[in-house]
Amino acid sequence: MLSRYVVSQVKHNSYFLVGLGIGLWLALATVPLEEEVVACDTVTLAAPDEYEPQREERPLGSRGQPGRSVQRPRYYSTELGMRSGLLTGVLSSEEVLETRAAALNRTAARLQPALRFFITASALQEAPGRANVVGFTDTREMLKPFHALKYLADNYLEEYDFFFLVSDMSFVNSRRLTELVSKLSVSQDIYMGTIADDDTQYCTLEGGILLSNSVLRAIHGELDWCVRNSYSPHHHENLGRCVLHAAHLSCVSQVQGESYVSVHVNTAGNGVGGILTPALADAVVVQPAIEPSHFHQLLAYISRVYLERAQISITRQRGQATWSARRHPRGYRNASWPAALRDDAGLAAPRPPSRFDHLRWTRFNATHAFMPDDHRVVAPLTSAYKEAVHLILEEVSAWAANRWSAVADAEETGVVSKISPKDITLEEGAWCWEPPVALRYRLLLRLPTRQADGTANPRGALVQVEAARALGAARLAPARYVTESARVTLLLPLPLEHAAMASEFLQRYNTVCLQKDTNTDLIIVIVPRIEMPKNVDNSTLQAIHKTDNSTLHVMRNTVKNFTEKYRNAQINIFEAPDVAVPWGEGRIWSETEIQKHAARVALTTALPKLQRDALLLLSIPYMEFTEDFLNRVRMNTIRGEQWFLPLPFARFAQFANPLFVDAAGAKPTQNTGRFPTLAAPLVISFYRQDYIAGLESWRTNGGAKDVEAADILAASPLRCIRAPEPAFLVPPRAAPCTPCNSIAPPHNATTDPTSEAQSACLFRERDRGFPDLQLGARHALAKLLLQTQADLDS
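Being a predicted model, the structure only gives us computed values, none of them experimental. (Residues numbered from 1 in each chain as written. Predicted model: local features only at pLDDT ≥ 70, side-chain atom pairs only at ≥ 80, totals over all residues. Heavy atoms only, no water.)

### Section: empty space enclosed by the protein
Tallying each qualifying case throughout the model produces 2 cavities of 30 Å³ or more. For the largest cavity, the calculated volume is near 50 Å³. Taken together, Leu-149, Leu-165, Tyr-191, Ile-209, Leu-211, Ile-219, Leu-239 and Val-243 form the lining of the largest cavity. Split into classes, the residues belonging to the lining of the largest cavity amount to 8 nonpolar, no polar and no charged. By volume, the second largest cavity amounts to about 30 Å³. Pro-495, Glu-497, Val-527, Pro-528, Ile-530, Ile-594, His-597 and Ala-598 are the residues that line the second largest cavity. The biggest single contributor to the lining of the second largest cavity is helix α14 (residues 591-606), with 3 residues. When grouped by side-chain class, the residues that make up the lining of the second largest cavity number 6 nonpolar, 1 polar and 1 charged. (1 Å grid on protein atoms, 1.4 Å probe; cavity = no way out; pocket = protein on both sides within 12 Å on 5 of 7 lines; lining within 4 Å. Points joined across faces, edges and corners; volume = space filled by probe spheres on them. Nonpolar A, V, L, I, M, F, W, Y, C, P; charged D, E, K, R; others polar. Helix = DSSP H or I, 4+ residues; strand = E, 2+ residues; numbered from the N terminus.)

### Considering the state of the cysteines
Tallied over the full model, the rule gives 3 disulfides. Residue Cys-203 pairs covalently with Cys-251 via a disulfide, S to S 1.8 Å. Here the disulfide of Cys-203 and Cys-251 is right-handed, its torsion about the S-S bond being about 100°. Taken together, the residues Cys-203 in the loop between β6 (191-193) and β7 (209-212) and Cys-251 in the loop between α9 (235-246) and β8 (254-255) connect sequence positions 48 residues apart. This pair shows no difference in class: Cys-203 is buried, exactly as Cys-251 is. There is a disulfide in this structure between Cys-226 and Cys-242, and the S-S distance comes to 1.9 Å. Across the S-S bond of Cys-226 and Cys-242 the torsion is about 75°, and the bridge reads as right-handed. (Disulfide = S-S within 2.5 Å. Buried < 20%, exposed > 50% of the residue type's maximum accessible area, 1.4 Å probe, protein only.)

### Structural notes on the pattern of salt bridges
Under the defined criterion, the tally for this structure stands at 27 salt bridges. One salt bridge connects Lys-150 with Asp-154, and the closest N-O pair in it is separated by 2.8 Å. Placement of both Lys-150 and Asp-154 in helix α5 (residues 144-156) is noted, with a separation of 4 residues, approximately one turn of the helix. In this structure Lys-150 comes out as partly exposed when scored by relative accessible area, which is 40%. Residue Arg-363 is joined to Glu-428 by a salt bridge in which the shortest nitrogen-to-oxygen separation is 2.0 Å. With Arg-363 in strand β12 (residues 361-364) and Glu-428 in strand β17 (residues 425-434), this residue pair connects regions lying 65 residues apart in the sequence. This pair shows no difference in class: Arg-363 is buried, exactly as Glu-428 is. One salt-bridge network, held together by shared partners, links Arg-176, Glu-179 and Lys-183. (Salt bridge = Lys/Arg side-chain N within 4 Å of Asp/Glu carboxyl O.)

### Details of the nonpolar core
In terms of nonpolar packing, the biggest core is built from 41 residues, with Leu-86, Phe-164, Leu-177, Leu-184, Met-192 and Leu-210 touching the most fellow members. Residue assignment for this core shows that the elements contributing at least two residues are β1 (84-91), α4 (100-107), β2 (115-120), β4 (160-167), β5 (171-172), α6 (174-182), β11 (285-287) and α10 (292-324). The element contributing the most residues to this core is α10, with 6 residues. If we ignore the near neighbours within four places in the chain, the residues touching Leu-86 are Leu-111, Ala-114, Tyr-160, Phe-162, Phe-163, Phe-164, Leu-177, Val-181 and Leu-210. (Core = buried A, V, L, I, M, F, W, Y, C linked by side-chain atoms within 4.5 Å. Contact = heavy atoms within 4.5 Å.)

Purely geometric numbers; function is a separate question.
Right, here's the structure in full:
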């Protein structure tokens, strides 16, 4: 019974059991029964070094907008944060603008142009000429100081280090004020002036208030609070309260070892005559000054005090110099540099108004100038400098002879003698060129004197004379109007010796002119051969002519294709007649000689067929140029005035040697050539009319026939401009005097005529200095020579 039940279940579940068996078998067949046991290594993470730099991987940000430019300030001083020293503001009124304020403006001229007057103006347009007057429309007198501070902060906060605020009833000693500011450091907050007598610890406006840039910046941020809390009728209290709130400072009269002094005087009655004391020269402000005359009287007296102090200082320094003269080396006593050429004896020259006004004084004598520029210590006077010095010396000597017509030696007997300009000699001098004013001279002259016995005193008397050659009336120099719209005619002399180079020139002309600069013409003049072998048979000559004809056929087809492709293409081909040369056959010509002959023949052939006002560019077949070069040809060639002689950039031939290139054959990008200054002028530009006029003048004066165009133009009245032209390139040339026709000599010949002719050509090139031979840089050639010698020795 049980067996029957089992058999029935197997029959009903036979598919399940078969699948289960197959699955178990596959699992046992695919899974390995034994696995290799691998020991796990214990990894210990070291603690990161605190000072070891860690690299952070950050995703690259998006690129900036193409063509974005950085806007930089106009001046270096703005970018570097350099500021001027002091800006002065005067609180005034419209009623005294013509009287008291004008007097203050004149007596404080040393502070110009950093001087501003602030007024409450109802009609400021009535005085359009006052550039340093600022008017406020707010008529509340209590708020005028805050309007002035806001104006200074809005317009000049980034331009000045210190700001000085004062009333128009105060005389400002500008010399003492600038001296005080120059000794203070702007790194410290400064609220400086004369403390008021009402125990408020505020600076009085009449005595002047000096604020640093940082304090004014703090006030500018708290102006709203200052305006709301201004209730006092006295300006100094409102200002002091504002500074105390914004910068937390009280008024001080001493800071950084410097003292601020203001003097209160009584100007009623007889004015300032009774209160003048030398102590006023040490005060920054003297107040009150009510009348305009008070300002001028105070300025005159203080200036007198400064002059007296200067004289005392000069006397003291002269005594010190005399006392120390005995310690000087023998022969150098009382010597100084520059000797006797200072503005004031014993004092340094005054500081220029700005850092851009440092003018150079150049010392000189009758023959040489000392330190005339940044590269020479001494140089002889030449050309215009020598003429100018002799002219000024002649004029000054005549004036000195008239001025000191009789000179006496007071220490001797008082014998006098007349002075002749020829007897006056120049000890030394200095010139200074002030472009807007004049050419200034300071001359130290020696005047002749007589001793008691009537003989000449060898030392004489020294006098210092200042002279100036003022500029004349300004005039406009005429200049021609030239543009880049002139049509350039490229004249290509093509000798048959160089006919193979024509294809490269035409391809370059197609790229530069036909596709881009269409305002050009091309004239090709085919010049017959002048270098023909000697004593050759007819078959050899026929082979040479066949090669030439094939090359010309290819060139003509190329020109035809260009004219069909470009409708505006103007390309003409002319054939020059065969011109006999005086040297006959067998001569080997250098590349430059062939091109010079071809240029003469091409000009003779093409000039009658050109327009009268044509702009010609005499070219060579192997030149490389760009659009920029053609534009400079247009700009530098002026009809009736100027012709252009560009100096090409000639590439070195050293890179033909594998030593100077890398494995891939690439050459460096620097020191690949130079501008040959001695090369023949093969490429020039000029107007046809100018050349015709110069040629007629040349023939009239009996000039030679076989002469280059550059020599004819140089002899004409035209001006020549010669300049390096980086857009005009010359590729490396072949060895000089290479024969264009390599023909073996006959078997029965004892000597090689080609070798003899080549030697003669090399001798001619040697006499010219091989100007067209650009082998390479000297250091590169020296390196190659040393390495070659080392290889030969080894």
